[in-house]
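# Structural features, examined
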Amino acid sequence: STYNLSVGHFQSAYVEYVITAFMFLAGMNFALHYRFLVKPDLRIYWRDREMVFYGLIVAGATATIFLNNGLARSEFGENVFRESLFQVVSIITTTGFCTTDFDAWPSLARMILLALMFVGGCAGSTGGGMKVIRLLMILKAGKVEMKKMLHPRAVFLVKEHGPRVKHLFH
């Protein structure tokens, strides 16, 4: 935006939702978009684990910030939801748009936004950060390490696609 108030200058829910949708799409893996253009099937998006995890991160962060802000303001209106959604998507995709002063938000909401800055978008997207796929692989590796504590002689493989976990006992 060329205005000092960024997207907040327009004060339009429609503009914010449209920008939010395109920011979300830009944070996704562009290879998925290409595959969808070649073969239009929405299941392409739902079969990709990174995309599903990305959607869950955005949904979970939005819901948590919405509840946190709603409790702090004693208001659970559409404006609070829109502000929460817009800021979450803007922060995770590292686009830098702003509609509200989130520095005035409660500490929990600001900490979630800070964490989202490190996560970033999906691999193969325009978003910055360490990428969702790396976070997903770190979580999977952590799960395997927990299983190794129970079964120290087992061999576990961490994979993005294919069988989730194979184990062999010696």
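Each chain has its residues counted from 1, following the order in which its sequence is written. Given that this is a predicted model, residues contribute local features only at a pLDDT of at least 70 and side-chain atom pairs are listed and counted only at 80 or more, while totals for whole chains, interfaces and linings are drawn from all residues. Side-chain measures were taken over the full set of non-hydrogen atoms in the model, leaving aside hydrogen atoms and water.

## Thoughts on the packing of helix 5 (residues 78-92) against helix 6 (residues 107-119)
- Geometry is summarised by axes, namely lines fitted to C-alpha atoms with helices restricted to the contacting stretch, and by angles between N-to-C directions that run from 0 to 180 degrees. Each helix is a run of H or I in the DSSP string that is no shorter than four residues. Each strand is a run of E no shorter than two, and both are numbered from the N terminus. Two elements in contact, helix 5 and helix 6, have axes separated by 7 Å at closest approach and are oriented at 35°. Contacts between helix 5 and helix 6 involve Gln87, Val88, Ile91 and Ile92 on the former and, on the latter, Leu113, Leu116, Met117 and Val119.
- Here the nonpolar group is Ala, Val, Leu, Ile, Met, Phe, Trp, Tyr, Cys and Pro; Asp, Glu, Lys and Arg are the charged ones; every other residue, Gly included, is treated as polar. Looking at the contact of helix 5 with helix 6, its residues break down into seven nonpolar, one polar and no charged. Residues are treated as being in contact if the distance between any of their heavy atoms lies within 4.5 Å.

## Side note on unusual backbone geometry
- Backbone geometry places Gln11, a non-glycine residue, at a positive phi of 45°.
- Here Gln11 is to be found in the segment before helix 1 (13-26).
- The class for Gln11 is exposed, based on a relative accessible area of 70%.
- Of note, Ser74 is a non-glycine position whose phi angle comes to about 60°, a positive value.
- Locating Ser74 in the fold gives a position in the loop between helix 4 (49-73) and helix 5.
- Each residue is placed in one exposure class: buried if its accessible area under a 1.4 Å probe, protein chains only, is under 20% of its type's maximum, exposed if it is over 50%, and partly exposed if it falls in between. For Ser74, a relative accessible area of 67% corresponds to the exposed category.

## Describing the pattern of salt bridges
- Salt bridge, as used here, is a side-chain nitrogen of Lys or Arg placed within 4 Å of a carboxyl oxygen of Asp or Glu. Tallied over the entire structure, the rule returns six salt bridges.
- Between Arg73 and Glu83 there is a salt bridge; the shortest N-O distance is 2.6 Å. Note that Arg73 is positioned in helix 4 and Glu83 in helix 5, a separation of ten residues in sequence.
- Among the residues examined, Arg73 registers a relative accessible area of 34% and is labelled partly exposed.
- One network of salt bridges, in which partners are shared, links Glu16, Glu78 and Arg82.

## Digging into helix 6
- Taking 1.5 Å as the rise per residue, helix 6 with 13 residues should run 18 Å; its terminal C-alpha atoms sit 19 Å apart, in good agreement.
- Contacts from the buried residues of helix 6 go to helix 4, helix 5 and helix 7 (132-150). Multiplying 1.5 Å by the helix residue count minus one yields the expected span of that helix.

## Section: the nonpolar core
- Of all hydrophobic cores here, the largest spans 31 residues; its most connected members are Tyr54, Ile57, Val58 and Leu116.
- Among the secondary structure elements, those contributing two or more residues to this core are helix 1, helix 3 (43-47), helix 4, helix 5, helix 6 and helix 7.
- Looking at which element gives the most residues to this core, the answer is helix 4, with seven residues.
- With near-sequence residues (within four places) excluded, Tyr54 lies in contact with Met23, Phe24, Gly27, Met28, Ile92, Thr93, Gly121, Cys122 and Val132. In this text, buried Ala, Val, Leu, Ile, Met, Phe, Trp, Tyr and Cys residues form a nonpolar core when linked through side-chain atoms within 4.5 Å.

## Description of the packing of aromatic side chains
- Stacked, tilted and edge-to-face pairs are distinguished by plane angle, under 30 degrees for stacked and over 60 for edge-to-face with tilted covering the rest, among Phe, Tyr and Trp rings (Trp via its six-membered ring) whose centres lie within 6.5 Å. This model, assessed by the stated rule, comprises six aromatic pairs.
- Taken together, the aromatic side chains of Phe66, Phe76 and Phe81 make up a single cluster linked through ring pairs.

## Considering helix 5
- Taking 1.5 Å per residue, 15 residues should reach 21 Å; helix 5 reaches 21 Å between its end C-alpha atoms and fits that length.
- Burial within helix 5 is extensive, with twelve of its 15 residues counted as buried.
- Those residues of helix 5 that fall on the buried side of the exposure criterion are Val80, Arg82, Glu83, Ser84, Leu85, Phe86, Gln87, Val88, Val89, Ser90, Ile91 and Ile92.
- Along its buried surface, helix 5 packs onto helix 1, helix 4 and helix 6.
- Following helix 5 by one or two positions, Thr94 has its phi on the positive side, about 55°.

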